[in-house]
Amino acid sequence: MHFFVKLGLNLIKMRNLTLFLSTVIFVALCTFIVYWLEPDNFESLLNSFYFVMTTFATVGYGDYSPITLSGKLFAVLMYLIGIGLLGVVIGKIIDAFTIFRRKKEEGKVDYTKENHIIIIGWGKKTESAVREILNSNFSVEVVIIDTLPKSPIDIASDRVHYVQGDLSEEETFEKANIAKAKSVIIFSDDNIQDPSLRDARTLTIAIIVERLAPMVHTTVEILIEKHVSNFSHVKVDEFILSQETISSLAVRSAMYKGVTKVYSQLISRQHGEDLFKLTKQEKWVTYQDAFHDLLDQGATLIADHEQLDINRRLNEKIPDDAELYVICNKETYQKIV
């Protein structure tokens, strides 16, 4: 008994690779010995391998079993050693999955895929943004970077990954594979009360992001409009002035009742008609061609890039690098593209 206890402890202490190789060698050796002892009974190496594995995993199914004394004695020895060996291997595999799940939950697993969206900083805005991204695109994945000890979102979702780390260190962003990302969103830190300090922290993060991934599209939330000039040398792609946006929306709502519902439809995929981006099609020469063709399909052309005066430039030719924005529902957009 002491021998088997000592053997079990030694198996547990073995390195994973050594244990795996030892198990493979032991299974192969048993397969050949069983077949060598009773070739007429097992008929082939495949049958003896099947007998060895069912003996290790259970107590055998009885469809194949040794009939000679030597075969039975070896089967007993094989069972005593093999079932313990296989049990340790299975235990280590389960432990590996448990450790991986814990590390993923704690944000300690590197993200290796590409064309993902990175959101820096966790808060109510981040939660809403993640939900909007997942509902808008059913293939894109999201990586959240923050300092929380555990993932703020259920790790069962295979489209949301969490990376934990210091937001002032490059290593944290490299773990999120920022160089291969599709875009980055930097939200202002809600834990900082002073708006100027919040913008200063956002600027620090933006500098690191642009240095590591200058070609990745970056969107930054800023609280104070005059601080935009501080970001000019960082080459951030787009700014969102959160306080100004909320104030403007409140004013529009006061002046034009119900207008907030229109805004909600345009900025969210979860409500009514949506805003979609299209590229130029060969059959469209002028904006008028595109406007009428899209209108016939149930979509309304409203802009090219940031220019909203399409209705006054219908006779102009559409440039090849045009980014056309239309208002329609999701089904219509899918038919168009």
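Small disclaimer: the values here were computed from a predicted structure and weren't measured.

About the cut-offs
Residues numbered from 1 in each chain as written. Predicted model: local features only at pLDDT ≥ 70, side-chain atom pairs only at ≥ 80, totals over all residues. Heavy atoms only, no water. Helix = DSSP H or I, 4+ residues; strand = E, 2+ residues; numbered from the N terminus. Buried < 20%, exposed > 50% of the residue type's maximum accessible area, 1.4 Å probe, protein only. Contact = heavy atoms within 4.5 Å. Phe/Tyr/Trp six-rings, centres within 6.5 Å; stacked < 30°, edge-to-face > 60°. Salt bridge = Lys/Arg side-chain N within 4 Å of Asp/Glu carboxyl O. Pairing = 2+ DSSP bridges. Axes fitted to C-alpha atoms, helices over the stretch in contact; angles between N-to-C directions. Right-handed = clockwise from strand over helix to strand, strands pointing away.

Chemist: In this structure, what is going on with the overall build of the protein? I would like to understand it.
Modeler: A tally of helices and strands in the protein yields twelve helices and nine strands. A total of 337 residues make up the protein; the buried ones form 36% of that total. Put simply, 60% of the contacts in the protein that link residues at least 6 apart link residues at least 24 apart.

Chemist: Teacher, can you tell me more about the packing of aromatic side chains here?
Modeler: The description of two aromatic rings rests on the distance between their centres and on the angle between their planes. Counting across every chain of the model gives two aromatic pairs. Ring plane angle 45° and centroid distance 5.2 Å describe the contact between Phe-42 and Phe-51, whose orientation is recorded as tilted. Here Phe-276 and Tyr-333 contribute two aromatic rings whose centre-to-centre distance is 4.3 Å and whose plane-to-plane angle is 10°, an arrangement assigned as stacked. Pair noted here: Phe-276 is in strand β7 (residues 274-278) and Tyr-333 is in helix α12 (residues 330-336), with a separation of 57 residues, a long-range link. Under the relative-accessibility criterion, Phe-276 is labelled buried at 5%. The partly exposed category is assigned to Tyr-333, whose relative accessible area is 21%.

Chemist: How should the pattern of salt bridges be read in this particular structure?
Modeler: Pairing between side chains of opposite charge can happen when the charged atoms of each approach one another. As enumerated under the stated definition, the model contains twelve salt bridges in all. Between Lys-280 and Asp-320 there is a salt bridge, and its shortest N-O distance comes to 3.4 Å. Linking Lys-280 in the loop between β7 and α11 (287-296) with Asp-320 in the loop between β8 (300-304) and β9 (324-328), this pair joins segments that are 40 residues apart in sequence. In this structure, Asp-293 engages Lys-283 in a salt bridge whose closest nitrogen and oxygen atoms are separated by 3.3 Å. Separated by ten residues along the polypeptide, Asp-293 in helix α11 and Lys-283 in the loop between β7 and α11 bring together distant segments of the chain.

Chemist: Honestly, the sheet that holds β8 in this entry has me stumped. Any pointers?
Modeler: Sheets are built from strands paired through backbone hydrogen bonds, the pairs being either parallel or antiparallel. Ordered in space as β7-β9-β8, the three strands form an open sheet in which the pairing is antiparallel. Only two strands of the sheet have a single neighbouring strand rather than two, namely β7 and β8. Ignoring which end each strand starts from, the neighbouring axes of this sheet average 30° apart. Here β8 pairs with β9 via four bridges, running antiparallel. Each residue of the ladder has a partner; that of Ala-303, found in β9, is Tyr-325. Packed on one face of the sheet, α11 meets β7, β8 and β9 and runs near 145° to β8.

Chemist: I keep staring at unusual backbone geometry and nothing clicks. Help me out?
Modeler: Although it is not a glycine, Glu-43 adopts a positive phi angle of roughly 70°. Relative to the elements of secondary structure, Glu-43 occurs in the loop between α3 (39-42) and α4 (45-57). Despite not being glycine, His-305 shows a phi value in the positive range, around 55°. Relative to the helices and strands, His-305 resides in the loop between β8 and β9.

Chemist: I'm lost on the pairing of strand β2 (residues 142-146) in this one. Help?
Modeler: A regular strand carries its side chains on alternate faces of the sheet. The element β2 is extensively covered by neighbouring structure, given that five of its five residues are classed as buried. On β2, burial covers both faces: Val-142, Ile-144 and Asp-146 on one face and Val-143 and Ile-145 on the other are all buried. Both strand β1 (residues 117-120) and β2 contribute to a ladder of four bridges, which runs parallel. Across the sheet, the residue bridging to Ile-117 is Val-142, located in β2. You can see the chain leave β1, run along helix α6 (residues 124-136) and come back into β2, and the turn it takes is right-handed. Where β2 lies against strand β3 (residues 160-164), five bridges are found, and the strand directions are parallel. Across the sheet, residue Ile-145 finds its bridge partner in β3, namely Val-163.

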